[in-house]
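# Structural description and commentary
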There are 2 protein chains.
Amino acid sequence: MKKIAIDAMGGENAPQAIVEAALQALPELGDKELLLFGDEKQLKALVPSDKLGNGIEIIPTTEVILDEDEPVKAIRTKKDASMVVAARYVKEGKADALLSLGNTGALLSCGIFIIGRMKGVARPGLMPTLPALNSSTGFNMLDVGANAQSKPEYLVKWAQMANAYVEKIKGIDHPRVALLNNGAEYDKGDDLHKESYQLLKETDLNFIGNIEGNELLQGKADIVVTDGFTGNASLKTLEGTTRTLLSLLKSSLLENGIIAKLGALMIKNALQDMRSKFDVDVYGGAVLLGLEHPVVKGHGNSKKRTIYYTIKQVSDILDKDLIANFKIALGEGENHD
Amino acid sequence: MKKIAIDAMGGENAPQAIVEAALQALPELGDKELLLFGDEKQLKALVPSDKLGNGIEIIPTTEVILDEDEPVKAIRTKKDASMVVAARYVKEGKADALLSLGNTGALLSCGIFIIGRMKGVARPGLMPTLPALNSSTGFNMLDVGANAQSKPEYLVKWAQMANAYVEKIKGIDHPRVALLNNGAEYDKGDDLHKESYQLLKETDLNFIGNIEGNELLQGKADIVVTDGFTGNASLKTLEGTTRTLLSLLKSSLLENGIIAKLGALMIKNALQDMRSKFDVDVYGGAVLLGLEHPVVKGHGNSKKRTIYYTIKQVSDILDKDLIANFKIALGEGENHD
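The numbering scheme is per chain: residues are counted from 1 as the chain's sequence reads. Here chains are named by letter from A upward and ligands by number from 1 upward, in the order in which they appear as written. Local features in this predicted model are restricted to residues whose pLDDT is 70 or higher, and side-chain atom pairs enter the listing and the counts only when it is 80 or higher, whereas totals over whole chains, interfaces and linings include all residues. Values reported for side chains reflect all heavy atoms of the structure, with hydrogen atoms and water molecules removed beforehand.

### A closer look at the overall build of chain A
In DSSP terms, a helix is any run of H or I states spanning at least four residues, a strand is any run of E spanning at least two, and both are numbered starting from the N terminus. From N to C terminus, chain A includes 13 helices and 12 strands. Here the radius of gyration uses the C-alpha set of atoms, whereas the globule reference equals 2.2 Å times the residue count to the power 0.38. For 337 residues, the compact-globule estimate of 2.2 N^0.38 gives 20 Å, and the C-alpha radius of gyration of chain A, at 21 Å, lies within 12% of that figure. Reported as C-alpha extents along the three principal axes, the dimensions of chain A are approximately 70 × 60 × 35 Å. Here's how the labels work: a residue is buried when its accessible area is under 20% of the maximum for its type, exposed when over 50%, partly exposed in between, all with a 1.4 Å probe on protein chains only. For chain A, buried positions account for 58% of its 337 residues. Residue contacts are counted whenever heavy atoms from the two residues lie within 4.5 Å of one another. Long-range contacts, defined as pairs at least 24 residues apart, comprise 70% of the intrachain contacts of chain A with a sequence gap of at least 6.

Next comes the structure, spelled out in structure tokens:
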């Protein structure tokens, strides 16, 4: 029976939203078991007693890694943190995958220093699924910030693993892979991106060339590969712009008199429709590619609905044996068998 | 009498919108003269005869640099292109500033190879003004793509020139200067950004530290300095996200029945109010900082209203003698006098 280790103390809505999502997802996961790591008293109050030992297990921990903690230091000093103990369970084979909504840097450190990197992968990459126009599957982008400094070879391995992910999890054959760059032509970019372009062209990936920041949401690619620094700036700009525009729209509707307020009520369905076209909840969390076991990072502000989909995503990753497929994609599959 | 050289053939709405904007701006520019470079027949048809030789002059050219032209090659082979001839006028002292809505790379090449770099500046930086929440002045960001490969020293000089621009043109004392980075702490980023942070801290600029992509529109900084590659990706992501969300909103309002359509009419004022809060037209064009004379790049899709504000911006740059102020900011002022 496969077990998913869930850091129940990470994120803004922990532990309640996480436990509720776990209870909702449980019946849909086959015979998997969910291990909840965190404060025993809080978790026991949230889990119905008939579920305990019956699909859900609580692993008591006494510490929590905070968002403001320095990652490497935190995982070394807070040895009984929910995230750290959960990672250790995965390392020791007592669980098969790790899910956390906590400190991204700390989770990355747990991945590298506790769970361990996959053979042939120098640096793991962080890959969220993002929405795109006229697309129900969105697109995957990596690395969005696990690495401040990247090398062309990293980008190629990230693309190869993302390719396996999109093929297996999304069922898309020959996903279109693009490189985030500052122009369309092959010779665009700095040395890192020029070289990455050449290396990507030499792979057997369906590499469609460069893509620019303004094209990201247009659904032109299934996978956008980027160095971690640019990917981080681009993703955060995307998130910030979306949040700013929506809050600006909201305040404009509220501050422009009764007619605008009434109008706002009348466009409610349309706005809901708009939101459903860009429903990021269903895409789950960001996957850390390149580790010996699946590690998924949920957004810190995720609510129950998103966490539910993220747990299902982790379950799917286990069902489809993604790690074995990553190894095959990297040409490391045979050496391990 | 100061003269502004305007490439009347660049951008999607050339030459009509450009000529109309020039005619609108002319009475408000003091005694400046506007030189319009482009197809003689087209321009003559657009300029009233009483304005010719009376504030407006037409300089006939026979070629146009297209967006798809390779920049350096284009300025070498299309010697009679409107942009190239306009740049030559500035170089030769027959005009004082250059404005174009055409090919950005070609304009950059005109700046570097024809007009020439300012002493002490290795690479010019491209700086647009962008909107920010609760701010009538927005913020300035550079470099947004004149350089694929940047060095820490470039960023410092761009920040120093941007500082002079914001002080003189916007009248903001001690503008807040931030570095676009992948985290708030001083040790964040790759080597380029770590080193840039240290160098910026050593200047007498009001350096407020790092800013992340999601904070750009929040008005936390007056100047955001970034390497040209990241700045390009971030700006284009910002533009693309804005365009995508607004078009999604529009289509959702149209596709959700009569109530939503009626509601859309009722929120029209609110949307206008929202647009006015984020009115980028009035900010004019992007300035190429670090050249011997002012060069301003208007967005290719600018309409008459934006071009009008951009011409006024160029006029203001001349009135406030920005180039001399840049030289002082870079510590090169005295050497030139």
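There's more to say after this.
### Describing the nonpolar core
Counting 114 residues, the largest nonpolar core has A:L98 and B:L98 as its most contacted members. Look past the residues within four positions of B:L98 in its chain and what remains in contact with it is B:A5, B:A86, B:A87, B:V90, B:L107, B:I115, B:P294, B:V295 and B:V296. Among buried residues, the Ala, Val, Leu, Ile, Met, Phe, Trp, Tyr and Cys ones that are joined through side-chain atoms within 4.5 Å form a nonpolar core.

### Some details on the pattern of salt bridges
All names here are of chain B. Salt bridge, as used here, is a side-chain nitrogen of Lys or Arg placed within 4 Å of a carboxyl oxygen of Asp or Glu. Across all of its chains, the model carries 24 salt bridges over all chains by this definition. For the salt bridge of K312 with E28, the shortest nitrogen-to-oxygen distance reads 2.7 Å. One end of the pair, K312, is in helix α11 (residues 304-319); the other, E28, is in the loop between α1 (16-25) and β2 (33-38), with 284 residues separating them in the sequence. E28 gets classed as partly exposed once you look at its relative accessible area, which sits at 40%. Among the salt bridges present, the one from K220 reaches E215, with a minimum N-O distance of 2.9 Å. When its relative accessible area of 18% is taken as the criterion, E215 is described as buried.

### Some points on the sheet that holds β2(B)
Sheets are built from strands that pair by backbone hydrogen bonding, the pairs being arranged parallel or antiparallel. All names here are of chain B. The pairing criterion for strands is at least two bridges between them, as found by DSSP. Strand order across the open sheet formed by 7 strands is β3-β2-β1-β4-β12-β11-β5, with mixed pairing between neighbours. Each of the sheet's edge strands pairs with one partner strand only, and the pair in question is β3 (56-60) and β5 (125-127). On average, each strand axis in the sheet is inclined to that of its neighbour by 25°, with strand direction left out of account. Relative to β3, β2 runs parallel, the two sharing 5 bridges. Bridge assignment links L36 to a residue of β3, and that residue is I58. Sheet contacts for α1: β1 (3-7), β2 and β3; angle to β2, the most-contacted strand, approximately 170°. Running over the sheet, helix α5 (residues 104-115) touches β4 (97-100), β5, β11 (286-289) and β12 (295-297) and is turned about 175° from β12. Note on geometry: axes are C-alpha line fits, over the in-contact stretch for helices, and angles between N-to-C directions span 0 to 180 degrees.

### Focus on the packing of aromatic side chains
All names here are of chain A. Whether two aromatic rings pair depends on their centres lying within 6.5 Å, for rings of Phe, Tyr and Trp, where Trp uses its six-membered ring; planes under 30 degrees apart make the pair stacked, over 60 edge-to-face, and the rest tilted. Applying the stated criterion to the full structure yields 9 aromatic pairs over all chains. Their ring planes at 80° and their centres at 4.9 Å tell us that F37 and Y89 sit as a pair that is edge-to-face. Of this pair, F37 sits in strand β2 (residues 33-38) while Y89 sits in helix α4 (residues 82-91), and the two are 52 residues apart along the sequence. Of the residues examined, Y89 reaches a relative accessible area of 19% and is grouped as buried. One cation-aromatic arrangement involves R76 over F113; the distance from NZ or CZ to the ring centre is 5.8 Å. A ring is considered to have a charge above it if a Lys NZ or an Arg CZ atom is located within 6 Å of its centre and within 35 degrees of its normal. In this structure, K94 packs its charged tip against the face of Y89, placed 4.2 Å from the ring centre.

### Some words on the confidence of the model for chain A
The quantity called pLDDT is the predictor's confidence in a given residue, expressed from 0 to 100. This prediction gives chain A a mean pLDDT of 94; 99% of its residues lie at or above 70. Scoring the predicted complex yields pTM 0.93 and, for the interface, ipTM 0.91.

### As for empty space enclosed by the protein
Throughout, the protein atoms alone are placed on a 1 Å grid, and a set of points is a cavity if a 1.4 Å probe fits but cannot get out or a pocket if it is open with protein on both sides within 12 Å along at least five of seven lines; lining residues have an atom within 4 Å of a point. Grid points are joined across faces, edges and corners, and a volume is the space filled by probe spheres set on the points. Applying the stated rule across the entire model yields 5 cavities of 30 Å³ or more. Of the voids in this model, the largest cavity is the one considered here, and its volume is about 60 Å³. Forming the boundary of the largest cavity are A:L245, A:L246, A:L249, A:M274, B:L245, B:L246, B:L249 and B:M274. Elements with a minimum of two residues in the lining of the largest cavity: α8 (228-254) of chain A together with α8 (228-254) of chain B.

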